[in-house]
Amino acid sequence: MGPLEGRGKETLLEGLWNNNPIAVQVLGICPALAVTNKLSTSAVMAAAVFFVMTGTTTIVSSMRRIIPQRVRLITQMAVISTLVILVDLYLKAFHFEISRQLGPYVALIITNCTILGRAEGFGLQNNVPLSALDGFSNALGYGTVLLVLGATRELLGSGTLLGTTVLHESWYKPNHLMVLAPGAFIALGFLVAAYKAIKGPEEEEEDTP
Amino acid sequence: MQNSAYTIIFSAIVGIICAAVLVGADMGTEKYIKANKEAEKDRNIMEVLGISYPKDATSPELVEFFEKKLEERSIDGLKVYEYSEAEDGTAIAVLFRGSGVWGPIKGVLALEPDLRTIRGIAFYEQEETPGLGAKIAKEAFTSRFKGKKIAPTDGGRTDAGMKITAPGQAGGPREVDGITGATMTSDRVEKMLNNVISDIVAKVNGNV
């Protein structure tokens, strides 16, 4: 059996589609709602989460045999925080304008429960390649939702995509609601509904305790 | 192996590694971040003074450009940026700050060479209520200040200051319309403006 233990495809599909962090688990929606009023900020946030999530699951998984049980959460938080601060410093130094637009939300990736969830729930129990793949697929699933939300909100809210006018004001009146926070909730609601419609009816759900 | 000593040593090592990585990254990026902040301040100042600057310049280039165009002077502790290439003398810009409704507000005020007339104003950092007070950062609000006076035009030094009135009520040369639904923000902006205005009138006038 290879390093992926024959679970590669399953792991990839889990995060990307079947168990998408936002669409299914509705986790980590604070940044998903806050920074998605423009496609450009959504893309940078997706990239940042991608780096942090893949990095975290890989590092945590490689340390899984030596992390003492009692401090495992703190260790994971230390890894996440370090990676997030690295991203934040990088953006502040080399992409100042975008880092200003994202404001505190880059630093707030630390509190994105999806990342800690993947590290704790998957990285601690599985080998490094599989965990890296899990982080990769979850980050990709997360990022995709961010991009879809960002594109939808920018298009409907400002009539632009990446700052270029797509829906001209002469015939489309931008709906400012989509740029504001309530619009984020509405867009996310439609997105989750669309996802459920495509995915089809739920199979028998496990009883939640 | 899972005893307390191991746990403590493990935590210490993780802490040291993380700290080392971060200190390294911080030292590596410090000069860029500093240049970016400096450039942002410079950009704001040139923006209100109406100086055209290269838009795609890197931060260090912009700082250099700024230092060539403007002169920074400190008058009794008040930092004044002088732009001597204005049409009829030296226009100045002064940074100001004050507390807003939710957090600090920072801005730049630029005056024409007569040191009485507002050349431009910008609020470049604010956390006011989105959709209401946050409109102070918008051109629609800041352009209302253009050409207004900060003190009586007869040269009197007492009674300097301006008024931010209820929306639609501004009439005089020292009155500016406030923002609908953002009385608290308007009041605070008025207060911080008057602070910096009295500072300017006391320290700069007759000193340039």
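Quick notes on the rules
- Residues numbered from 1 in each chain as written.
- Chains lettered and ligands numbered in written order.
- Predicted model: local features only at pLDDT ≥ 70, side-chain atom pairs only at ≥ 80, totals over all residues.
- Contact = placed C-beta atoms within 7 Å.
- Nonpolar A, V, L, I, M, F, W, Y, C, P; charged D, E, K, R; others polar.
- Axes fitted to C-alpha atoms, helices over the stretch in contact; angles between N-to-C directions.
- Helix = DSSP H or I, 4+ residues; strand = E, 2+ residues; numbered from the N terminus.
- Parallel < 35°, antiparallel > 145°, perpendicular 65-115°, else oblique.
- Left-handed = near helix turned anticlockwise from the far one by under 90°.
- Buried ≥ 20, exposed ≤ 12 C-beta atoms within 10 Å, placed from the backbone.
- Pairing = 2+ DSSP bridges.
- Expected span 1.5 Å × (residues − 1).
- Arc of directions from axis to C-beta.

*Asks:* Give me the interface of chain A and chain B: which residues, what numbers.
*Replies:* Contact with chain A, which involves 17 residues of that partner, is made by 18 residues of chain B. In terms of residue class, the side of chain A that touches chain B is built from 12 nonpolar, 3 polar and 2 charged.

*Asks:* Just give me the short version of the packing of helix H1 (residues 4-49) of chain B against helix H2 (residues 59-69) of chain B, but keep the residues and values in it.
*Replies:* Residues and elements named next belong to chain B. Following both chains from N to C, one finds H1 and H2 inclined at 45°, their axes separated by 8 Å at the closest point. Relative to H2, the element H1 is oriented oblique. Crossing of H1 against H2: the hand is left-handed. Here H1 contributes Ala35, Asn36, Glu38, Ala39, Asp42, Arg43 and Met46 to the contact with H2, which in turn contributes Ser59, Pro60, Leu62, Val63 and Phe66. Across the contact of H1 with H2, the residue classes tally to 7 nonpolar, 2 polar and 3 charged.

*Asks:* Tell me what's going on with the pairing of strand E4 (residues 104-111) of chain B, and back it up with residues and numbers.
*Replies:* Every other side chain in a regular strand lies on the same face of the sheet, so the side chains alternate between the two faces. All names here are of chain B. Taking burial as the measure, the 8 residues of E4 include 6 buried ones, the bulk of the element. Note: strand E3 (residues 89-99) against E4, 8 bridges, orientation antiparallel. Within E4, the residue paired with isoleucine 92 across the bridge is leucine 111. Hairpin remark: E3 followed by E4, antiparallel, with 4 residues in the connecting loop. As defined by bridge partners, E4 adjoins strand E5 (residues 118-125) across 6 bridges and the pair is classed as antiparallel.

*Asks:* Give a description of helix H8 (residues 181-199) of chain A that names residues and reports values.
*Replies:* All names here are of chain A. With 19 residues, H8 should cover 27 Å at 1.5 Å per step; its first-to-last C-alpha distance of 27 Å lies within 8% of that length. Where H8 is concerned, the buried positions are Gly183, Ala184, Ala187 and Leu188. Projected down its long axis, H8 carries its buried residues within an arc of 130°, all on one side. Turned more than 90 degrees off the buried face of H8, the exposed positions are Pro182, Phe185, Ile186, Gly189, Phe190, Ala193 and Ala197. Summarising the contacts, the buried residues of H8 are in contact with helix H2 (29-34) and helix H7 (128-158).

*Asks:* So, the sheet that holds E4(B): which residues are in play, and what are the values?
*Replies:* All names here are of chain B. Strand order in this open sheet of 5 strands is E1-E2-E3-E4-E5, and the pairing throughout is antiparallel. Each edge of the open sheet is held by one strand with a lone partner, namely strand E1 (71-75) and E5. If you compare each strand with its neighbour and ignore which way they point, the axes differ by 25° on average. The sheet strands contacting H1 are strand E2 (78-86), E3, E4 and E5, and the helix crosses E5 at an angle near 150°.

*Asks:* Which residues make up the environment of Ile179(B), and what are the values?
*Replies:* Residue and element names in this part refer to chain B. By the element assignment, isoleucine 179 lies in the loop between strand E7 (175-177) and helix H4 (183-203). For the pair isoleucine 179 and glycine 168, spaced 11 residues apart in sequence, the C-alpha separation works out to 9.2 Å. Ignoring anything within four residues of it in the chain, the contact list for isoleucine 179 reads Leu132, Gly133, Lys135, Ile136, Phe141, Pro167, Thr185 and Ser186.

*Asks:* Let's hear about the pairing of E3(B): which residues, and what values?
*Replies:* Residues and elements named next belong to chain B. Bridge analysis of E2 against E3 gives 4 bridges, and the strand direction is antiparallel. The partner of tyrosine 81 across the bridge, within E3, is alanine 93. The antiparallel pairing of E2 with E3 creates a hairpin that spans 2 residues between the two strands.

*Asks:* Could you give an account of the packing of helix H3 (residues 39-62) of chain A against helix H6 (residues 113-123) of chain A, with specific residues and numbers?
*Replies:* All names here are of chain A. At a minimum axis distance of 9 Å, the contact between H3 and H6 shows a crossing angle of 30°. Relative to H6, the element H3 is oriented roughly parallel. For the element pair H3 and H6, the recorded crossing hand is right-handed. Of the residues in H6, those touching H3 at Val52, Met53, Thr56, Thr57, Val60 and Ser61 are Ile115, Arg118, Ala119, Phe122 and Gly123.

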